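# Inside the fold
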Amino acid sequence: MRARTLSTTVAGAAALALALTACGGGGGGDQADDGTITIGVKYDQPGLGLEEGSGQPAGFDVDVATYIAGELGYEPDQIEWTEAASANRETFLQQGTVDMVVATYSITDERKQLVDFAGPYYVAQQDILVQAENEDVAAAEDLEGRTLCSASGSRSAETITETMGIGAELRETQNYSECLQLLTDGQVDAVTTDNTILAGYAAQQAGEFKLLGLEMQEERYGVGLPKGSTERCEEVNAAIAQMYEDGSAEEFLNANFGEAEFEYSTEQPEADGCA
Ligand code: GLU
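Report follows, based on the coordinates. Nothing here was measured: the structure is a model prediction, and the numbers come from that model.

### Things to note about the site of the ligand
The full set close to the ligand counts 17 residues, and Lys42, Ser86, Thr104, Ser106 and Asp194 are the nearest of them. A distance of 2.8 Å separates an oxygen atom of the ligand from a polar side-chain atom of Lys42. One nitrogen or oxygen atom from the side chain of Ser86 is found 2.6 Å from an oxygen atom belonging to the ligand. For the ligand, the cavity whose grid points lie within 2 Å of the majority of its atoms is the largest cavity. Elements with a minimum of two residues in the shell around the ligand: strand 9 (190-194) and strand 11 (218-226). Taken together, the residues of the shell around the ligand break down into five nonpolar, six polar and six charged.

### As for empty space enclosed by the protein
With the rule as written, the count across this model stands at two cavities of 30 Å³ or more. In this structure, the largest cavity spans a volume of roughly 80 Å³. Taken together, 14 residues line the largest cavity, and the ones lying closest to its centre are Arg89, Thr104, Ser106, Ser154 and Asp194. Approximately 40 Å³ is the volume attributed to the second largest cavity. Lining the second largest cavity are Lys42, Tyr43, Asp44, Gln45, Glu83, Ala84, Ala85, Ser86, Ala151, Gln174, Asn175 and Tyr176. Counted by class, the lining of the second largest cavity contains five nonpolar, four polar and three charged residues.

### Regarding the packing of helix 2 (residues 60-71) against helix 9 (residues 248-257)
Across the interface, helix 2 lies against helix 9 with an axial gap of 9 Å and an inter-helix angle of 155°. One way to sum up the angle between helix 2 and helix 9 is to call them roughly antiparallel. Two packed elements cross with a definite hand, and for helix 2 against helix 9 that hand is right-handed. Packed against helix 2, whose contacting residues are Phe60, Asp63, Val64 and Tyr67, the element helix 9 presents Ser248, Ala249, Phe252, Leu253, Asn256 and Phe257 at the interface. By residue class, the composition of the contact of helix 2 with helix 9 is seven nonpolar, two polar and one charged.

Basis of the calculations
- Per chain, residues are indexed from 1 in the order of the written sequence.
- Local features in this predicted model are restricted to residues whose pLDDT is 70 or higher, and side-chain atom pairs enter the listing and the counts only when it is 80 or higher, whereas totals over whole chains, interfaces and linings include all residues.
- Side-chain figures throughout are based on the complete set of non-hydrogen atoms in the structure, without hydrogens or water.
- Nearness is judged by heavy atoms alone; a residue qualifies as near a molecule or strand once a single heavy atom is within 4 Å of it.
- In protein, a polar contact means a hydrogen-donor-capable atom and an acceptor-capable atom, both N or O and within 3.5 Å, with residues adjacent in sequence counting only if both atoms are side-chain atoms; elsewhere, any N or O pair within 3.5 Å suffices.
- Space inside and on the surface of the protein is sampled on a 1 Å grid over the protein atoms alone, with a cavity defined as a set of points where a 1.4 Å probe fits but cannot get out and a pocket as an open set with protein on both sides within 12 Å along at least 5 of 7 lines; lining residues have an atom within 4 Å of a point.
- Here the criterion for a molecule occupying a pocket or cavity is that more than half of its atoms lie within 2 Å of the pocket grid points.
- Going along the chain from the N terminus, every DSSP run of H or I of four or more residues is numbered as a helix, and every run of E of two or more is numbered as a strand.
- Gly is put with the polar residues, along with every residue not named as nonpolar or charged; the nonpolar set is Ala, Val, Leu, Ile, Met, Phe, Trp, Tyr, Cys and Pro, and the charged set is Asp, Glu, Lys and Arg.
- Grid points are joined across faces, edges and corners, and a volume is the space filled by probe spheres set on the points.
- Angular values range over 0 to 180 degrees, each being the angle between N-to-C directions of two axes fitted as lines to C-alpha atoms, with helices fitted over their stretch in contact.
- Between 65 and 115 degrees an angle is taken as roughly perpendicular, under 35 as roughly parallel, over 145 as roughly antiparallel, and anywhere else as oblique.
- Two helices crossing with the near one rotated counterclockwise from the far one by less than a right angle form a left-handed crossing, whereas a clockwise rotation gives a right-handed crossing.
- Residue contacts are counted whenever heavy atoms from the two residues lie within 4.5 Å of one another.

Next up, the structure:
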């Protein structure tokens, strides 16, 4: 009986070793039944997640997501990309539209009621973007009585109007590229969101906009997961640690933000635990 238990254990261990080898250095290997993973990223944010018609988005979030998926055992061609706008990130995770969200998605207590987060994998700062020749807006306080654009579902605008109590007239759009259009057309005075996003737009249209360089609020980017994903969260955190250790994070940051007008850190942010 004893010998039998032992041999069962040995067989189990051998099977596990085989399964791990089959993952080709992956780690988890707990692939969905159809062998793909669906990841929500932004499609209109240069430097982070930008899709220009090929179906294959590019940017820092896309690189991070691809790396993490690789560590979970998915090859790039097993990733199905889906556009996740700020306002539908929670719903997508709750309804199972995506398995994971890597979309400039700040970890907040409010969102944690609805979804789980691994990470953070990067810490951005909230900033303000105005037209290059604008001399009137140099600080958040200057937005009093002026028009301010942000995307619905993001928390950037409420930092100014609620946390800071500044009486800006808010214009909410579906995504940030619409805000940029309104700013270009002179229909709003400023756009607020993360410096990563704003710097990406500024770099795309050199000389047209200026970033104020404010550090208004830390935006800790998490990997959004469906509620109750503790095990997956641990795997993602291990992948993020590995991504910083092997130099990939720095490579992704330099490749995507090298041209942008803001300073970024290449240090791994301290990870939150998985609940
Ligand atoms: N990171 C901020 C947030 O998650 C703003 C950017 C965005 O909406 O993606 O609310």
